[in-house]
Amino acid sequence: MRLPTSSITRRLPLLISALVVVVVLAFSWAAYTVVERALTIAAMERTAGASQRLAGMLDESARRLRSDMRRLAADARVVMLASGGDARRATAMLDSVRAGSPLLIGIEIRDRHDAVIARAGRALPQAMPSPVGGADATASGAWIGPLAMDGDSINFSAGAPILLEGVDTLGRVIQMRRVASGQGAQSIGELIGSRATLSVGNASGSLWTNLVERIEGPPVDLKSATAQSYVARDGTPRIGAAALIPRTPWIVCVDAPRSAVIAPARALMGNLAIIALVIVAAGVLVGWLLSRQITTPLVAVTKAAEGIAGGDYSRRV
């Protein structure tokens, strides 16, 4: 029976090459997994931080708006009008306030029975949030209402009570404002990055906007302060984080597609694939040369053994 002398010359290089391929693939996959996990964690931290910063910025804007409403409600002309005085001076002041704010739709002074006694701009809905009580009311009574649809635009209300000597409530000043324009959304987009998206909505989840138009709210846990991985309604994996805006009924969410987050890891995988091919090619060549050094003497021994077994005693190894 003839021994398969050529089998080892083929199998040993294949074995060495297979080991090289397995090691290279395992190393490449491990490196990709580590980088992808690190990028995902960093993205979650960035989105959580961005949502908190934007919540702080909107909180500052809301604080200024409430302060303006308190100052307006405390103006002597407004207090005098609510006490039964002349409406002309107060109306002129309301006109100047509206002229100074392009986002202001309408502003009204109402008495304690909620009847309008002065107005600038468009008439506001009769039912407006109360400045007394409620989760969105502050200690001074100034408040900011939830987002609401008004035709194709999204508005919100703000107001403050008119107090006589800081005790007796004579009425209230209320206004309706449009949500920030597209320029504001563009500025915020530059802050959080071109691939990230901003959503602002009611904390109840009833209405969401990207500061330009109404949108579907992100399917995230609005009660969680940490970033989350989720699948959007269009089937796109995303990473997002939500943050409540203090002393308002609003919440802000920043999210980004997961594909953009792990894009550097995929680029790394492409580079690793090229390096892996070079390493595998070099490993195959080295394995083939190494196996020849091992298998050539073994083949000679095998042939000599076969000759001796056949009666040829002249062979020397």
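Residues numbered from 1 in each chain as written. Predicted model: local features only at pLDDT ≥ 70, side-chain atom pairs only at ≥ 80, totals over all residues. Heavy atoms only, no water.

Caption draft 1: Quick look at the overall build of the protein chain. Helix and strand content of the protein chain: six helices and eleven strands. Within the protein chain, the proportion of its 317 residues that are buried is 39%. In the protein chain, the share of contacts with a sequence separation of at least 24, taken over all contacts with a separation of at least 6, comes to 58%. Counting every atom, the protein chain has about 17,600 Å² of accessible surface; 61% of that belongs to carbon and sulfur. (Helix = DSSP H or I, 4+ residues; strand = E, 2+ residues; numbered from the N terminus. Buried < 20%, exposed > 50% of the residue type's maximum accessible area, 1.4 Å probe, protein only. Contact = heavy atoms within 4.5 Å. Areas by Shrake-Rupley, 256 points an atom, 1.4 Å probe, with all protein chains shown as cover.)

Caption draft 2: Inspection of the confidence of the model for the protein chain at higher detail. With 82% of its residues at a pLDDT of 70 or more, the protein chain shows a mean pLDDT of 78. When mean pLDDT is compared element by element in the protein chain, strand 1 (residues 104–111) scores highest at 90, while helix 4 (residues 182–192) scores lowest at 55. Of the regions scoring below 50 in pLDDT, residues 131–139 engages in 16 contacts with residues more than four places distant in sequence or in other chains. (pLDDT = per-residue confidence, 0-100.)

Caption draft 3: Structural view of the pattern of salt bridges. If you walk through the whole model with that rule in mind, you get 13 salt bridges. In this structure, Asp114 and Arg172 form a salt bridge, with 3.0 Å as the shortest nitrogen-oxygen distance. One end of the pair, Asp114, is in the loop between strand 1 and strand 2 (116–121); the other, Arg172, is in strand 5 (residues 168–178), and 58 residues separate them in sequence. Comparing Asp114 with Arg172, the two get one shared label, buried. Salt bridges sharing partners connect three or more residues here, namely Asp59, Glu60, Arg63, Arg64 and Arg247. (Salt bridge = Lys/Arg side-chain N within 4 Å of Asp/Glu carboxyl O.)

Caption draft 4: Molecular detail of the nonpolar core. Ranked by internal contacts, the top residues of the largest apolar core, which has 42 residues, are Ile109, Leu147, Ile162, Val173 and Val252. Excluding its chain neighbours within four sequence positions, the residues that come into contact with Ile162 are Ala73, Val78, Val79, Ala82, Ile109, Arg110, Asp168, Thr169, Leu170, Gly171, Arg172 and Val173. Counting residues in hydrophobic clusters, the runner-up holds seven residues, among them Tyr230, Ala232, Ala242 and Cys253. (Core = buried A, V, L, I, M, F, W, Y, C linked by side-chain atoms within 4.5 Å.)

Caption draft 5: The arrangement of the sheet that holds strand 9 (residues 228–231) in detail. A sheet is described by the order of its strands in space; here six strands give the open sequence 8-7-6-11-10-9, paired in antiparallel fashion. Here the strands that pair on one side only, and so sit at the sheet edges, are strand 8 (214–215) and strand 9. As judged from the seven bridges shared by strand 10 (residues 237–244) and strand 11 (residues 250–257), these two strands associate in the antiparallel manner. Bridged to Leu244 within strand 11 is Ile251. (Pairing = 2+ DSSP bridges.)

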